[in-house]
Amino acid sequence: MSKESGVGIIGCGNISAAYFKLVPMFRNLKVVACADINPAASAARAEEFGVEAQEIEALLANPAVDVVVNLTVPEAHYPVSRRTLIAGKHVYSEKPFVLTLEQGEDLRRIAETNGVSVGSAPDTFLGGSHQFARHLIDAGRIGKVMSGTAHVLGPGMERWHPNPDFFFAPGGGPILDMGPYYVANLVNLVGPVKRVVALANKARAERIIGSGPRAGEKVPVGVATNIHAILEFASGAQVALMASWDVWAHRHQNMELYGTDGAIFVPDPNFFGGPVEVAGTDGEPQEVEVWDHPLTAKNFEFDWGMEANYRGAGLADMMDAVATGRDYRCSLERSLHTIDVLTAILRSAEEGRAVDIVTSCTQPEALGIEEARALQR
Ligand SMILES: NC(=O)c1ccc[n+]([C@@H]2O[C@H](COP(=O)([O-])OP(=O)(O)OC[C@H]3O[C@@H](n4cnc5c(N)ncnc54)[C@H](O)[C@@H]3O)[C@@H](O)[C@H]2O)c1
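Residues numbered from 1 in each chain as written. Predicted model: local features only at pLDDT ≥ 70, side-chain atom pairs only at ≥ 80, totals over all residues. Heavy atoms only, no water.

Draft legend 1. Examining the sheet that holds strand β6 (residues 118–120) more closely. Pairing within the open sheet is parallel, and its six strands lie in the order β3-β2-β1-β4-β5-β6. Two strands close off the open sheet at either side, each with one partner strand: β3 (52–53) and β6. Where strand β1 (residues 5–10) and strand β4 (residues 67–70) come together, four bridges link them in parallel fashion. Paired with I9 across the strands is V69, a residue of β4. Across the sheet, helix α9 (residues 313–324) touches β1, β2 (29–35), β4, β5 (90–93) and β6, and the angle it forms with β5 is around 160 degrees. (Pairing = 2+ DSSP bridges. Helix = DSSP H or I, 4+ residues; strand = E, 2+ residues; numbered from the N terminus. Contact = heavy atoms within 4.5 Å. Axes fitted to C-alpha atoms, helices over the stretch in contact; angles between N-to-C directions.)

Draft legend 2. Region of the structure containing the packing of helix α8 (residues 179–189) against helix α10 (residues 332–351). Between α8 and α10, whose axes approach to 10 Å, the crossing angle comes to 120 degrees. Taken together, the axes of α8 and α10 are oblique relative to one another. For the pair α8 and α10, the crossing hand works out as right-handed. Every residue of α10 that contacts α8 at G179, P180, V183, A184 and V187 is listed here: H337, T338, V341 and L342. Here the residues of the contact of α8 with α10 are counted per class, giving six nonpolar, three polar and no charged. (Parallel < 35°, antiparallel > 145°, perpendicular 65-115°, else oblique. Left-handed = near helix turned anticlockwise from the far one by under 90°. Nonpolar A, V, L, I, M, F, W, Y, C, P; charged D, E, K, R; others polar.)

Draft legend 3. Molecular detail of the packing of aromatic side chains. A complete count under the given rule lists eleven aromatic pairs for this structure. Through successive ring pairs, a cluster of aromatic residues spans W160, F166, F167, F168 and W245. (Phe/Tyr/Trp six-rings, centres within 6.5 Å; stacked < 30°, edge-to-face > 60°.)

Draft legend 4. Layout of the UniProt feature "domain: GFO/IDH/MocA-like oxidoreductase" (unreviewed entry) in the protein. In this structure's numbering, the residues bearing the UniProt feature "domain: GFO/IDH/MocA-like oxidoreductase" (unreviewed entry) are residues 131–264. Annotated as residues 131–264, this span is 18% helix and 35% strand, and its ends, taken at the C-alpha atoms, are 13 Å apart. (UniProt positions renumbered as here; feature names shortened; annotations may be inferred.)

Draft legend 5. Geometry of the domain arrangement of the protein. For the protein, the domain assignment lists domain 1 (5–120) and domain 2 (128–307 + 330–364). A separation of 25 Å is found between the C-alpha centroids of domain 1 and domain 2. Across the boundary between the two partners, domain 1 contributes 22 residues, which contact 23 residues of domain 2. Carbon and sulfur atoms make up 71% of the surface buried where domain 1 meets domain 2, a total of about 1,900 Å² over both sides. Contact with domain 2 buries area across many residues of domain 1, yet K95, L101 and R108 alone supply 30% of it, more than any other trio. Put simply, domain 1 and domain 2 have two salt bridges between them. Between K95 and D177 there is a salt bridge, with the nearest N and O atoms lying 2.9 Å from each other. Taken together, the connections running from domain 1 to domain 2 amount to four residue pairs in polar contact (both at pLDDT 80 or more). Top contributing element to the side of domain 1 that touches domain 2 by residue count: helix α5 (residues 101–114), with four residues. (Domains from an automatic or database assignment. Buried area = accessible area lost by both parts, 1.4 Å probe. Salt bridge = Lys/Arg side-chain N within 4 Å of Asp/Glu carboxyl O. Polar contact = N/O pair within 3.5 Å; in protein donor to acceptor, adjacent residues only side chain to side chain.)

Draft legend 6. A look at unusual backbone geometry. Note the cis peptide between K95 and P96, where omega equals -15 degrees. Relative to the helices and strands, P96 is located in the loop between β5 and α5. That bond from A121 to P122 is cis: its omega, 5 degrees, falls within 30 degrees of zero.

Written out as structure tokens, the structure reads:
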């Protein structure tokens, strides 16, 4: 395992607490500093987690910071990542890491020129349950995947998030916000996508904030909030993806993949764990005991209970790969392919036509039990 990398966190809002708590579980990472456009936010996290709060420029010049974790809002991801790469630091961004392919290509150029690397969440597909599903598919348990469905449906983020504006601004909406978990997982399980077709609408022009100091305030909806898409994969598989924040109740599974010899039921791609079910040609789904993978157990308390949460695994894998020169699973190539697929879905819905995907990528290497264990302390 490579030497410890100094991590600087830029963006000290809601999700930063999870990163501050979880990053220390990885052997090669140490959070050393944080910054935010709002100094009160970085000061609060610095105090809570015992790191140094800095101005953004000072963090980017800090020799102890090797990699910046960009946890700002979607519209700020590209400019903050760009500044970071120009400062000669590696960057690992929350999703969506850019909003256009041009932004992604620009980051690629700067990273190459400066000899640094770019990676992006989601890394939930590295979770033990998703890697188990990958293992079963790779072992031929359901034959060749030919089709499937994926659903990410709910009433919307304004009910729980105290500052939900970005969810309904460009870069938000269920496709760009939640779609990355689904597309990254499908690329992990099925491979790259070659074409998409989609329809979209929205139920409301305004949303009302449901929690925190701004409760009752209205937020304008500038994006589609209900999208039906079909993804055609390079392998020939076709998967229907429905992403909506206009749904009060439903009975769909998160992800089902249908193969020539069976079917697999994959847990929520937004989390690292969860049950995996498989059916053979007898047509009877059975829960299969998930293997003893270190990124599977419920270890993190959410408002509704415990879930498996190993955010930072993708960053740990990236910094290990940077040190050893190998490919990393949450690479710019794959992240940009995900952005290509998601923006193509929105374009298809706007323009009423199928859209070809111009980028491609390889399936990430599977993260087996030993490789995952090597990342942890
Ligand atoms: N909240 C979650 O549960 C969650 C989960 C997974 C991923 N994410 C992703 O993480 C990102 C952040 O989400 P969040 O919920 O923490 O948002 P948030 O609004 O709570 O926090 C964002 C923080 O970034 C800061 N910021 C904004 N622009 C900045 C800039 N230019 N420079 C420096 N700081 C800046 C804000 O002041 C704020 O403190 C989003 O891309 C989101 O999709 C969030």
